[in-house]
Amino acid sequence: MSFSSDIKSCMRDCILSVMWPREEIYFFFKDNGCTKTDLKLLENYKELNLARVAMVDKMFNYLANKPDEGLGPFRAMLKTLMEWSYFNPYYFDELKKLDIGKAKKNIEHLRQLQEIRDAKIQADRKRQEELKRAQQEPTQTLDELKKSFLELLTGKTSTQNRGYELEKILLELGRLSQLEVTQPFRVTGEQIDGAIKYEGQHYLIEAKWQEKYASNEPVYQFVGKVEGKMYGRGIFVSVNGFSNNVVEDIVKGKAIKTIFIDGADLIFVLEGLLSFSELIDRKVKAAQTTGKIYIDPLTDKPKIT
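On a predicted model such as this, the values are computed, not experimentally measured, just so you know. Sequence order as written defines the numbering, with residues in each chain counted from 1. Thresholds applied to this predicted model are a pLDDT of at least 70 for local features of residues and 80 or more for the giving and counting of side-chain atom pairs; totals over whole chains, interfaces and linings are not thresholded and use all residues. Side-chain metrics in this entry use all non-hydrogen atoms of the structure; hydrogen atoms and water are not considered.

1. Details of the overall build of the protein
A count of helical and extended segments in the protein gives 13 helices and seven strands. The C-alpha extent of the protein, read off along each of the three principal axes, is 95 × 40 × 35 Å. In the protein, which comprises 305 residues, the share counted as buried stands at 41%. In short, Shrake-Rupley with a 1.4 Å probe defines the accessible areas, and a residue's cover is counted only from the protein chains shown. With the model as given, the accessible surface of the protein reaches about 17,200 Å², and the carbon-plus-sulfur share is 50%. Strands are runs of DSSP state E lasting at least 2 residues, helices are runs of H or I lasting at least 4, and numbering of each runs from the N terminus. Each residue's exposure class comes from its accessible area (1.4 Å probe, protein chains only) as a fraction of the maximum for that residue type: buried when under 20%, exposed when over 50%, partly exposed otherwise.

Structure follows, in structure tokens:
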């Protein structure tokens, strides 16, 4: 979580109210997470005769515009400033360049702002956890999903809509099996129908409701999507099954990362013969031990005809 402008502004005030020499400000940045590359910004501060304020503003603006928004250095500076307890008598008492009352006030204000920030982070985290829990809770029973699937089989819904409804059924089966579910999403132009987390691995899901041979090209495209992900794994669901050619092509001389599920497999689950987790487990076991990606989960026999 990035730092708000009010905290960064207060940090700026603290730096300027507790340090006087420009060299001290330079080494403050160096000691609080700024890299050699970051510090090049100020390496000629003496020659350029940069004012104290200009040094701080320049570094703060530079850090804020980095890809990570300078989170590491800002966090280190925040900690150091909140714990600040040394007020150099030479600059505070003898030269009176700095005001100890103002310095302590700024530090206390920074602590208060951080308490507010911490409370907000905790509240946001709690909301996110509650939302995540709600998203993982099943909203339909197995009987209701079975009824929905059988209604889709009657053909009263368009092919495209059947595909969308199939996605919902698959993700809901995942929730019923207490698997972590990710809703459909897009990434770099790719549409992903969703994902489930099984045994610590995330499996991308592709759901198709079309003729057996019409599913060949989408399978090849999906395998490409899976290949493009770190430790990619996938589950391709085609209600009407798969052609022998596509099954053979996917496993021939390649690392197996995708398993196949068809409508008959789903009916086994919807009728309670095995859970969705058990279905995936048997499919994964077959792929890992025998190299078969399209098997009958009750008999473990390949479905190639």
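2. Topic: the sheet that holds strand β6 (residues 233-238)
Strand pairing is assigned whenever DSSP identifies at least 2 bridges connecting the two strands. Across the sheet, which stays open at both edges, the five strands sit in the order β1-β4-β5-β6-β7 with mixed pairing between neighbours. At either margin of the open sheet sits one strand with a lone partner, and together these are β1 (180-182) and β7 (258-262). Here the average twist between neighbouring strands, direction ignored, is 25 degrees. With three bridges joining them, β1 and strand β4 (residues 195-198) adopt antiparallel strand pairing. In the sheet register, Thr182 faces β4, and the bridge partner there is Ala195. Note on geometry: axes are lines fitted to C-alpha atoms, helical ones only across the stretch in contact, with angles between N-to-C directions running from 0 to 180 degrees.

3. A look at the state of the cysteines
We call a pair of cysteine sulfur atoms a disulfide whenever their separation is within 2.5 Å. Counting across every chain of the model gives zero disulfides. In this structure Cys10 is not part of a disulfide, and its nearest cysteine sulfur, from Cys14, lies 4.4 Å away. By relative accessible area, which is 3% here, Cys10 ends up buried.

4. Regarding the pairing of β7
For β7, a buried count of five out of five residues is recorded, marking the element as mostly surrounded by other parts of the structure. On β7, burial covers both faces: Thr258, Phe260 and Asp262 on one face and Ile259 and Ile261 on the other are all buried. Pairing analysis gives five bridges linking β6 to β7, with the strands arranged parallel. When the sheet's bridge partners are listed, Ile235 is paired in β7 with Ile259.

5. Side note on the pattern of salt bridges
Salt bridge, as used here, is a side-chain nitrogen of Lys or Arg placed within 4 Å of a carboxyl oxygen of Asp or Glu. Within this structure, the stated rule accounts for 15 salt bridges. A salt bridge links Lys208 to Glu206; its shortest N-O distance comes to 3.6 Å. On the accessibility criterion, Glu206 (6% relative accessible area) is buried. Counted as one network, the salt bridges with shared partners bring together Asp262, Asp265, Lys283 and Lys303.

6. Side note on the pairing of strand β5 (residues 201-208)
Two faces belong to every sheet, and in a regular strand the side chains alternate between them. As paired strands, β4 and β5 are joined by four bridges and run antiparallel to one another. Along β5, the bridge assignment pairs Ala195 with Leu204. In textbook terms, the turn of a hairpin is the stretch between consecutive antiparallel strands, and for β4 and β5 this stretch comprises two residues, one of which, Glu199, has a positive phi near 50 degrees. Where β5 meets β6, six bridges bridge the pair, whose relative direction is parallel. Note on β6: the bridge partner recorded for Ala207 is Val237.

7. Examining the packing of helix α1 (residues 5-18) against helix α5 (residues 71-82)
Closest axis-to-axis distance for the α1/α5 pair is 11 Å, and the angle between their directions is 55 degrees. Classified by the angle their axes make, α1 and α5 are oblique. Every pair of crossing elements has a handedness; the one defined by α1 and α5 is left-handed. Together, Ile7, Lys8, Met11, Cys14 and Ile15 of α1 and Phe74, Met77, Leu78 and Leu81 of α5 make up the contact between the two elements. Throughout, the ten residues Ala, Val, Leu, Ile, Met, Phe, Trp, Tyr, Cys and Pro are labelled nonpolar, Asp, Glu, Lys and Arg are labelled charged, and all others, Gly among them, are labelled polar. The residue makeup of the contact of α1 with α5, split by class, is eight nonpolar, no polar and one charged. In this scheme, roughly parallel covers angles under 35 degrees and roughly antiparallel covers those over 145, while 65 to 115 is roughly perpendicular and the rest are oblique. Should the near helix be turned anticlockwise from the far one by less than a right angle, the crossing is termed left-handed; should it be turned clockwise, right-handed. Residue contacts are defined here by distance: any two heavy atoms, one from each residue, within 4.5 Å place the two residues in contact.

Interpretation note: all reported values are geometric properties and have no functional meaning in isolation.
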